[in-house]
Amino acid sequence: MYGHYLILLSLVIVSCRKENTPASADDASSSNKKATTGLVQGPPPIVWWSDGPTIPYADDIPGDVPRNNEYGQGFSINGKGYVCGSLLTTGWNTGDYIGDLWEFDPATESWTEKSPCPLAGGQLIEAANFVIGDNAYIVIGNATYQYNQPTDTWTQKAYIFSVPRALATAFTINDKGYIGLGYDQSSSQVSEQNDWWEYDPVADRWTQKAAFPGAKREGAAGFAVNGKGYVIGGSHFANGHGNWGSKVWQYDPVTDAWSQKSDFPGAGRYEAVAATGTIGGVELGLLVGGGNANTLFTDAWEYNSATDNWGQFANMPGGGRYVPAGFVVGHSLCITNKTMVSLNWSR
């Protein structure tokens with residue numbers, strides 16, 4: 001779809017074994033990892049990776065070309081993909097914080113710069129976001145900023161009356177936004193959180209919901225599938241170092257309750273790209289990459305909530321990416337960290 005095809009394959013389903021991973025971010029007892037099974041009925045869709053166009057960033061140094069963008073916020077609205085805010089790295093320990101917003105049009109395979117977020121670029125680092133209708137909501141600290149796509153405008157919305165948080169987990173269920181976890185930006189020590197909040201865009205109001213029952217954590221992946229939300233992995237700081245988990249928790253907004261599901265079968269991690277896509281007529285959670293203290297991962301996974309099972313795709317090409325942005329447009333999960341790669345499916 002975007003550029004030359006790197007890998008062409010039918011849906012790959014693999015058997016999984018328990019990984020030798022760092023200590024879990026959960027107060028875990030016995031492991032309940034399951035072997036993956038077939039997730040899609042009928043002929044499997046074709047799934048492949050391809051290259052895409054880079055975002056044409058520029059920084060404040062004439063003639064200097066950024067080589068990476070990190071910590072960008074990725075989301076999609078009405079068939080267009082967006083990346084907002086980034087740390088542009090230009091060399092070893094050098095770079096610029098930006099609040100730029102770029103729009104990707106899959107029909108023309110091109111990027112267009114839009115109105116920047118009113119937050120300064122440095123303040124956008126380690127934010128979280130969700131999309132409701134025509135609007136994206138970026139949450140950082142206690143602040144909420146709404147981007148309206150049709151008018152290309154930003155509006156500040158209601159504050160969350162909680163600690164100012166970063167590296168939170170967020171997703172959308174039934175026209176409500178949900179966010180929680182992360183760490184307290186105002187604390188001088190590591191202060192991870194387990195509170196959970198719901199945003200009503202009509203009332204412009206945040207309401208505290210049932211607390212997350214697992215260990216406090218930051219950088220956990222999150223997606224919503226078939227009316228329920230899922231929180232995967234994350235990092236919990238204990239005993240002087242980070243611990244990366246592989247537990248999966250489901251949130252039901254109707255009952256405001258949490259339940260534990262089958263473990264994620266890959267290595268424990270945080271800051272993975274997570275999204276929702278419909279492959280072969282089945283709505284699936286998608287999870288790619290992420291990392292821990294020693295590794296940036298390239299593995300790519302799907303989660304079927306109906307069977308509570310994980311399936312694995314071919315690895316992301318081009319190596320691991322540090323806190324990239326990701327979004328789904330059409331039949332593609334696009335991941336950008338200066339260069340763009342896309343996980344595509346045929347139906």
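All residue numbers refer to position in the chain's written sequence, counted from 1. Note on the predicted model: pLDDT of at least 70 is required for a residue's local features to be given, and 80 or more for side-chain atom pairs to be given and counted; whole-chain, interface and lining totals, by contrast, use all residues. The side-chain quantities take in all heavy atoms of the structure and omit both hydrogens and water.

Novice: Please clarify how the overall build of the protein chain should be interpreted in this entry.
Specialist: The helix and strand inventory of the protein chain stands at 0 helices and 30 strands. Residues counted as buried form 56% of the 347 residues belonging to the protein chain. Contacts in the protein chain between residues at least 24 apart in sequence constitute 55% of all its contacts with a sequence separation of at least 6. Numbering of helices and strands runs from the N terminus; a helix is a DSSP stretch of H or I covering at least four residues, while a strand is a stretch of E covering at least two. Three exposure classes are used, based on accessible area relative to the maximum for each residue type with a 1.4 Å probe and protein chains only: buried under 20%, partly exposed in between, and exposed over 50%. Here, two residues are considered to be in contact whenever any of their heavy atoms come within 4.5 Å of each other.

Novice: Is there a simple way to explain the confidence of the model for the protein chain in this structure?
Specialist: Close inspection of predicted coordinates is inappropriate in any region flagged by low pLDDT. Mean pLDDT over the protein chain: 87, with 85% of residues reaching 70 or higher. Every residue in residues 1-24 is under pLDDT 50, and counting partners more than four places away or in other chains gives 85 contacts. Every residue in residues 27-40 is under pLDDT 50, and counting partners more than four places away or in other chains gives 45 contacts. pLDDT gives the predictor's per-residue confidence on a scale running from 0 to 100.

Novice: Can you help me understand the side chain of S305 in this one?
Specialist: Looking at the secondary structure, you find S305 in the loop between β26 (300-304) and β27 (309-313). Note on S305: relative accessible area 17%, which makes it buried. Polar contacts involving the side chain of S305 include one to the side chain of N226, which spans 3.1 Å. Among all residues touching S305, those that are not within four sequence positions of it are V225, N226 and Y230. Side-chain atoms alone can form a polar contact between residues adjacent in sequence; in general such a contact is a pair of N or O atoms within 3.5 Å, and within protein one must be able to donate a hydrogen while the other accepts it.

Novice: What's the story with the sheet that holds strand β25 (residues 282-288) in this structure? I'm lost.
Specialist: Through backbone hydrogen bonds, the strands of a sheet pair up, either in parallel or in antiparallel fashion. Spatial ordering of the open sheet is given by β24-β25-β26-β27, a layout of 4 strands whose pairing is antiparallel. With one partner strand each, in any of the chains shown, β24 (273-279) and β27 form the two edges of the open sheet. Sheet twist, expressed as the mean angle between neighbouring strand axes with direction ignored, is 30°. Pairing between strands requires that DSSP locate at least two bridges from one strand to the other. Looking at chain direction, β24 and β25 are connected through 7 bridges and run antiparallel. Residue pairing for β25: T278 is matched across the bridge by E283. Simply put, an axis is a line fit to the C-alpha atoms, just over the touching stretch for a helix, and the angle between two N-to-C directions goes from 0 to 180 degrees.

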